[in-house]
Amino acid sequence: MDKRFFLKRSLAIGGVFVLLVAVNAVSAGFVGFNPLKVLADIPGGIVWMAQNFMPSVAAFEKIDTILISLGKTVLLSVASSCIAAVFAYLCAVIGSREAGLGGPFPLIIRGIASVFRNIPVVAWAFILMFSFKQSEFTGFLALFLGTFGYLTRCFLESIDEVAGGSVEALRATGAGFAPIVTQAIIPMSITAVVSWTLYMIETNIRDATLIGILTGAGIGALFDVYYKSFRYDLAALVILCIVVAVIACEAISNYVRRQII
Amino acid sequence: MEARNLLQIEKLGKDYSSKSKALTDVTLSLPRGQFVSVIGSSGAGKSTLLRCINRLIDPNAGSIVFDGKDVAGMGRRELRQVRRRISMIFQHYNLVYRSTSIENVLQGRLGYKSTIAGVLGLYSEEEKERAFTILDQLGLAEFAYTRTDQLSGGQKQRVGIARALLQDPLLILADEPIASLDPKASQMIMEHLRWAVDTLGITCLVNLHQVDYAIEFSDRILALKKGHLVFDGTPDELDARAISDIYGTPYVEERAVRGGLFENLEEEVLATVGAA
Ligand SMILES: Nc1ncnc2c1ncn2[C@@H]1O[C@H](COP(=O)(O)OP(=O)(O)O)[C@@H](O)[C@H]1O
Ligand SMILES: [Mg+2]
């Protein structure tokens, strides 16, 4: 009896492995991807990058231009994340199953969040460029909408997970909705909210770079210009600055997270 | 003026879905200043009964009259006023764990506050003094400024009781208040509830898993079985036969159980001998 159970499990694991290899082979064949050729190309690629994609001493003359652009992009992501967080939190409080207003709100809010979350930020940028042209505001709006959808979903789950019991208790004392929000829901969910918002700021700095290439603003646009004019040393410096900024942001948010627990 | 019952429930019914009925035709009345336990196996409808009384759950049928007011047919504003005089205590304490004990206790006053004062958490000096007094009476004076997630289970539940008492309740509903506590803390919590009944004249309606605690502390015991009220009497009237009926376990006297064990043992010994 027992033996058959373990045999079945081994067969299942083996089956999944074979299936994965098969799927990989089919899809690689479909797009003309040759793993061996890629492996052979990697050393050449690295050598090329090491020769061309290196920040040169001359590149550092442009550091102030780069830093200003980078600052703009970082601020853009911080602003879009924070404003999106405020709206997302309002929606999440209203739409929460455990704590919210009930009625049709949970379904409506979840629907809205789902729509915004499932359209990629890049798609938002393309859509919004029709109305707002290539500008910083287009980038802001694209990041805002994607972040809003994602954070609403995260906040909904955080609130439902953490605030249900205390909300029930305060409801039983005869407290109204607004005092319940400030006295129970906000204190119980604030750590999760800060943590998710910080995470979105990190993500948005990366995304803002990409969006900037499309909307012609910020550090992304600068990278695009240098890259297309074959100034690989400058482009490399831009990337280096972005990496440093993202790591710094991550370190700061980790520190903040530890402090608020 | 006639001595009205504090709570009068008639033919209360609740079904969550069309198939299963959580409560059927429950009729009971509670006077002031009585300690009443509700026992019954899990799923019998104990929590549903308690939550219908303060309308955290809306019943489907029947009437609930609390302190002369019809709770079942009430609008939201009136309901909030009635809830002020009905406190609730929970198995999992349901505190705001990121706030201190004193803040949690003061939240018992939220039903009495204007929206602005409630939103900002503004309490009067008198309310604060009373909150400290109650914490002191429950032996928690030194933990007033401690965040409640740092308290033990028994201490958390005492904060829950303090919050309930600051409401000036006529009725306390306690849903399995000791189910997550060790025997010593359980004993203490039950004693505090008994104290509230004896010295403050509050009525306590307490769901309990443990029949022995119900017998030790109650003036009166109710039993629910599959949503029906099947027992309503004093602890003395709750004998072994009634208990076995409530929980649907076969009724066996203690001595009979022992005899049965020995018989089985004998049989086993004989079987082994036979096999050899
Ligand atoms: N929110 C709910 N939705 C659907 N059914 C429920 C819900 N709460 C309780 N029930 C059902 O109602 C019955 C009574 O539950 P409950 O009052 O929690 O019993 P107890 O507290 O005695 O364990 C159970 O059969 C349970 O499955
Ligand atoms: Mg229960």
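Residues numbered from 1 in each chain as written. Chains lettered and ligands numbered in written order. Predicted model: local features only at pLDDT ≥ 70, side-chain atom pairs only at ≥ 80, totals over all residues.

(A) Inspection of the pairing of strand β9 (residues 220-225) of chain B at higher detail. All names here are of chain B. One ladder, built from four bridges, connects strand β3 (residues 35-39) with β9; its direction is parallel. Bridge pairing in β9 links Ser37 to Ile221. Two elements, β9 and strand β10 (residues 228-233), share five bridges in a ladder whose sense is antiparallel. From the neighbouring strand, Ile221 faces β10, where its bridge partner is Gly233. Count of turn residues in the β9/β10 antiparallel hairpin: two residues, of which Lys226 carries a positive phi of about 45°. (Pairing = 2+ DSSP bridges. Helix = DSSP H or I, 4+ residues; strand = E, 2+ residues; numbered from the N terminus.)

(B) Examining the site of ligand 1 more closely. Taken together, B:Tyr16, B:Ser20, B:Ala22, B:Gly40, B:Ser42, B:Gly43, B:Ala44, B:Gly45, B:Lys46, B:Ser47 and B:Thr48 make up the full set of residues near ligand 1. A class-by-class count of the residues in the shell around ligand 1 yields three nonpolar, seven polar and one charged. (Near = placed C-beta within 6 Å. Nonpolar A, V, L, I, M, F, W, Y, C, P; charged D, E, K, R; others polar.)

(C) Structural view of the environment of A:Thr209. Residue and element names in this part refer to chain A. Its location among the elements puts Thr209 in helix α7 (residues 177-215). Among the residues examined, Thr209 registers 24 C-beta atoms within 10 Å and is labelled buried. Separated by 55 residues in the primary sequence, Thr209 and Cys154 have C-alpha atoms spaced 24 Å apart. Excluding its chain neighbours within four sequence positions, the residues that come into contact with Thr209 are Thr73, Ile219, Gly220 and Ile242. (Buried ≥ 20, exposed ≤ 12 C-beta atoms within 10 Å, placed from the backbone. Contact = placed C-beta atoms within 7 Å.)

(D) Up close: the domain arrangement of chain A. Per the domain assignment, the segments making up chain A are domain 1 (2-52) and domain 2 (58-260). Domain 1 of chain A and domain 2 of chain A are separated by 34 Å when their C-alpha centres are compared. (Domains from an automatic or database assignment.)

(E) Quick look at the packing of helix α5 (residues 125-137) of chain B against helix α6 (residues 153-166) of chain B. All names here are of chain B. Where α5 meets α6, the closest approach of the two axes is 10 Å, and the angle between their N-to-C directions is 135°. It follows from the interaxial angle that α5 and α6 lie oblique. Regarding α5 and α6, the two cross each other, and that crossing is right-handed. For the pair formed by α5 and α6, the contact residues are Arg130, Ala131, Ile134 and Leu135 on the first element and Ala162, Leu165 and Leu166 on the second. (Axes fitted to C-alpha atoms, helices over the stretch in contact; angles between N-to-C directions. Parallel < 35°, antiparallel > 145°, perpendicular 65-115°, else oblique. Left-handed = near helix turned anticlockwise from the far one by under 90°.)

(F) The arrangement of the sheet that holds β9(B) in detail. Residues and elements named next belong to chain B. As summarised here, the arrangement of the six strands in space is β6-β7-β8-β3-β9-β10, forming an open sheet in which the pairing is mixed. Because the sheet does not close on itself, it has two edges, and the strands there are β6 (86-89) and β10. Across the sheet, the axes of successive neighbouring strands diverge by a mean angle of 20°, strand direction being ignored. Pairing analysis gives four bridges linking β3 to strand β8 (residues 203-207), with the strands arranged parallel. Bridge pairing links Val36 to Leu205 in β8.

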